[in-house]
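The residues making up each chain are set out below.
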Amino acid sequence: MQLTNKMKRIYQDLLNELCSTDAYRPKLHKPFFDGTDICASDTRWLLRVRPEACGLSLPQTPPKRIDIKYTKPLPVSLPALREAISHAEFEDEVVEIEPAVDCEECHGDGTVEFEYRSQDGKYYYHDCDCPICKGSGYESEAIVKKTGRKSPKYHEPIAIYGVVFDAYRLFVLCDACERLQSSEIIITALHKNEACAFQINDDCEFVLMPMCIYGDAPKFDLRIKNSKQSR
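Owing to the predicted nature of the structure, the values given are computational and were not obtained by experimental measurement. (Residues numbered from 1 in each chain as written. Predicted model: local features only at pLDDT ≥ 70, side-chain atom pairs only at ≥ 80, totals over all residues. Heavy atoms only, no water.)

**Quick notes on the pattern of salt bridges**
What the rule picks out here adds up to 18 salt bridges. As a salt-bridge pair, D34 and R65 come within 2.8 Å of each other at their nearest N and O atoms. Highlighted residues: D34 in the loop between β1 (32-33) and β2 (38-41) and R65 in the loop between α2 (51-54) and β4 (74-77), separated in sequence by 31 residues. Residue classification places D34 among the buried positions, given a relative accessible area of 5%. Across the pair R82 and D175 runs a salt bridge, and its minimum N-O distance is 2.8 Å. (Salt bridge = Lys/Arg side-chain N within 4 Å of Asp/Glu carboxyl O. Helix = DSSP H or I, 4+ residues; strand = E, 2+ residues; numbered from the N terminus. Buried < 20%, exposed > 50% of the residue type's maximum accessible area, 1.4 Å probe, protein only.)

This is the structure we're talking about:
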């Protein structure tokens, strides 16, 4: 793929959009260099792009590069993956305009410890909902707006060869593929309890952690034969 300035901007936009917004992980609030690639992560997904492809040059910063245990490559078409995701439950997609503000009283935990002294001088302690934020953990909720489209609810399980992923995160992967004009994804690492890798193109890799589910079966299990049928 020819690396035009437009493509470099798309890579840069994706890297910025996929950074963490977690107040407790400030090092992941912006793209970083892991010694080989320019990366963006929220700890559950990781986008890795060759520096030449995105036109960025950053000093190496933690975290260190994640080692992937690569497996036999499995091609899957974008339409097949989209069809698998369609089995999840969808809701109105929203984007965050302003982040939520943690409650100062309970430090965002939602609970506080109450102390009671009985008449005989004994002390008792009990965790209860914070009376200031009423257990929400927030002084003010995040301000969001609808985008006008639907996206999968969080934690909707969709499997690929028995490995279960969050449908919303697969949805984000599909969006990245479309923006990068890639019609096929190569699954280069597939594990039930370890990092899995999806090669979008020669310059870009998307790493996902599988879901841990208990009891509930996945909404759909994508097999390679489904991919071939969808081409």
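On we go.
**Some thoughts on a nonpolar patch on the surface**
A cluster of nonpolar residues, V95, I97 and I143, forms a patch on the protein surface that exposes about 240 Å² of accessible area. Looking at the element boundaries, V95 is found in strand β5 (residues 90-98). A relative accessible area of 35% places V95 in the partly exposed class. (Patch = residues over 30% accessible without salt bridge, like charges linked within 9 Å, V, L, I, M, F, W, Y side chains within 5 Å. Areas by Shrake-Rupley, 256 points an atom, 1.4 Å probe, with all protein chains shown as cover.)

**Quick word on the nonpolar core**
In terms of nonpolar packing, the biggest core is built from 48 residues, with L81, F165, L170, L173, F198 and F206 touching the most fellow members. Considering each element in turn, this core owes the most residues, nine residues, to helix α4 (residues 167-179). Those residues within four positions of L173 in sequence are excluded, and the remaining contacts are L81, I185, F198, I200 and F206. (Core = buried A, V, L, I, M, F, W, Y, C linked by side-chain atoms within 4.5 Å. Contact = heavy atoms within 4.5 Å.)

**A look at the sheet that holds strand β3 (residues 45-49)**
Here seven strands make up an open sheet; going across it, the order is β1-β2-β3-β15-β14-β13-β4 and the pairing antiparallel. Single-partner strands in this sheet number two, and they are β1 and β4. Packing of helix α1 (residues 5-17) onto the sheet brings it into contact with β2, β3, β14 (196-201) and β15 (204-208), and relative to β3 it is tilted by some 155°. (Pairing = 2+ DSSP bridges. Axes fitted to C-alpha atoms, helices over the stretch in contact; angles between N-to-C directions.)

**A closer look at a negative patch on the surface**
A contiguous patch of negative charge, built from D109, E113, E115 and D127, is present on the exposed surface. Inspection of the secondary structure puts E115 in strand β7 (residues 111-117). (Lys, Arg positive; Asp, Glu negative; His and termini not counted. Charge placed at Lys NZ, Arg CZ, Asp CG, Glu CD.)

**Points about the pairing of β14**
Burial analysis of β14 places five of its six residues in the buried class, which makes it a mostly covered element. Taken together, the three bridges between strand β13 (residues 184-189) and β14 define a ladder with antiparallel strand orientation. Within the sheet, the bridge partner assigned to I186 lies in β14 and is Q199. Between β13 and β14, which pair antiparallel one after the other, the connecting turn spans six residues. From the end of β14 to the start of β15, which pair antiparallel, there are two residues.

**Notes on the packing of aromatic side chains**
As enumerated under the stated definition, the model contains five aromatic pairs in all. Ring centres 6.3 Å apart and planes at 50° place the aromatic pair W45 and F206 in the tilted group. Taken together, the residues W45 in strand β3 and F206 in strand β15 connect sequence positions 161 residues apart. Measuring from ring centre to ring centre gives 5.6 Å for F165 and F198, while their planes differ by 70°; the resulting arrangement is edge-to-face. Here F165 is found in strand β12 (residues 163-166), whereas its partner F198 is found in strand β14, with 33 residues between them in sequence. (Phe/Tyr/Trp six-rings, centres within 6.5 Å; stacked < 30°, edge-to-face > 60°.)

Everything listed here is a matter of geometry and, on its own, says nothing about what the molecule does.
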